[in-house]
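# Fold and contact review
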Amino acid sequence: RVLEKKNILFISSWFPNKLEPTNGNFVQRHAEAVSQIHSVEVLHAINVTHQKEKFIFDDQVINGIRTLIVYYRNAPNPLLNLWRRMLAYSRGFKKLQKPDLVHANVLHNNLLFAIYLKKKYKIPYIVTEHWTALRKINSETTPSSIKKIAKFIGNHASMILPVSHDLAAGLKYLGIKTPMKVIPNVVNTNLFVPKSEPNERFTFIHVSNLIARKNSDKILKTALRLLQKGYDLSLKIGGDGDISELEKIREHSEFKDKIEIFGTQTIQEIAERMKSSDCFILLSNDENQPCVIAESFGSGINVISTNVGGIAEFFPENAGILLDSVDEDLLEKAMIEVMSPTFEKDPLTLVKYANETFSVAAIGQQFSEIYKEILK
């Protein structure tokens, strides 16, 4: 079935840029999935504190998509700052093709620009939502200003596409009445593929931005405890955060050779590391629908994770073990279980699931159907 090619403009409150190279990279992957079917451009504005010029336009083609990032000089006054941000968007917008539809991401004040485009040019917008702050469970701790703006922008959208049902419930709880459909994050299933030969020792892996709620130190300590008890395993742990704490823990252990700590990785490097592992560990207090779990399935490896957010919604049978809480004893038990020769492993089923659920083609197609529905 041939779909009519539309001009789609992606805007997002988070997007990879020179200050935060991996921030919102899942949005970039959604844009790339859509670009297989439609004509896509990306526009993003971000403030820089010590910038002489008022605006710097960084216009490049990234992975086949024209990506215009406008860096604007930070203003100490928040309202002036927001005004400059909108100005940066509107200057950037004039340099791009006129879109049929705006695909906005993350219900934060960047998306006020989507409302402006809708009012001024009658361009409809939809929103993909990723933000854990908008989960129902976080509604007490999320500032009311953030919730108000999310509700306001959400109720002007034509459709909301949360990455999990858990997040959809949170958005409804905020008072967003717009129709919703869950479409998960995307995984490049040509890149995340299973390994061809087995590892000599059982290898666990953890990759994240290493912020406190990911509990990477607890993962490392649990692995060291198992090594102490004589289990034969290795752990690869790291990501784009501060690795000094992990390095300290490793330095004080007698198993340095079994623990590999790494910093920021390209997506190709992560795919290689996953391919040479046997099980991914996620021990977060809070998540939505983590790309890393979907990438693990694409790599045909099992996952041990805390059962938070939308993780259980995209966790097929034989995928691994879900933990009821962030608990090192529970994690230790699960790691022992996954290493046991009797634990059922079915890499091909996981790979098939990843292809059907998270692949570029599957996600691009789902977005395309929604565009068609809104633009008909």
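Higher on the page you've got the structure.
A brief structural summary. (Residues numbered from 1 in each chain as written. Predicted model: local features only at pLDDT ≥ 70, side-chain atom pairs only at ≥ 80, totals over all residues. Heavy atoms only, no water.)

## So, empty space enclosed by the protein
Our working definition: Here a cavity denotes grid points, spaced 1 Å and computed from the protein atoms alone, that fit a 1.4 Å probe unable to get out, and a pocket denotes an open set having protein on both sides within 12 Å along at least 5 of 7 lines; residues with an atom within 4 Å of a point are the lining. Grid points are joined across faces, edges and corners, and a volume is the space filled by probe spheres set on the points. The nonpolar class holds Ala, Val, Leu, Ile, Met, Phe, Trp, Tyr, Cys and Pro. Asp, Glu, Lys and Arg form the charged class, and all remaining residues, Gly among them, are polar.
A full pass over the atoms with the stated rule returns one cavity of 30 Å³ or more. Looking at the largest cavity, its volume works out to about 40 Å³. Lining the largest cavity, in full, are Q289, P290, I293, A294, I311, F314 and F358. Among the residues making up the lining of the largest cavity, the classes are represented as six nonpolar, one polar and no charged.

## Remarks on the pattern of salt bridges
Spelled out, the test is: Throughout this description, the term salt bridge denotes a Lys or Arg side-chain nitrogen within 4 Å of a carboxyl oxygen of Asp or Glu. The numbering of helices and of strands both runs from the N terminus, where a helix is a DSSP run of H or I of at least 4 residues and a strand a run of E of at least 2. Summary of the burial criterion: residues with accessible area below 20% of their type's maximum are buried, those above 50% are exposed, and those between are partly exposed, where the area comes from a 1.4 Å probe applied to protein chains only.
Throughout the structure, instances matching the rule amount to 17 salt bridges. The shortest N-O distance in the salt bridge between D166 and R135 comes to 2.6 Å. Of this pair, D166 sits in helix α5 (residues 165-173) while R135 is found in the loop between β6 (125-129) and α4 (144-156), placing the two residues 31 residues apart along the sequence. Overall, the relative accessible area of 6% leaves R135 in the buried class. A salt bridge links R225 to D329; its shortest N-O distance comes to 3.1 Å. Note that R225 is positioned in helix α6 (residues 216-228) and D329 in helix α10 (residues 328-339), a separation of 104 residues in sequence. Judged by its relative accessible area of 29%, R225 falls in the partly exposed class. For D329, a relative accessible area of 48% corresponds to the partly exposed category.

## Brief notes about the layout of surface pockets
Taken as a whole, the largest pocket spans an internal volume of roughly 1,400 Å³. For the lining of the largest pocket, the secondary-structure elements that each account for two or more residues are α1 (25-35), β8 (202-208), α8 (267-275) and α9 (291-298). The dominant element in the lining of the largest pocket, judged by the number of residues it contributes, is α1, at six residues. Of the residues assigned to the lining of the largest pocket, the class counts are 19 nonpolar, 22 polar and seven charged. Roughly 220 Å³ of volume is contained in the second largest pocket. What lines the second largest pocket is P194, K195, P198, N199, S277, D278, S299, G300, I301, N302, K345 and P347. Partitioning the lining of the second largest pocket into residue classes produces four nonpolar, five polar and three charged.

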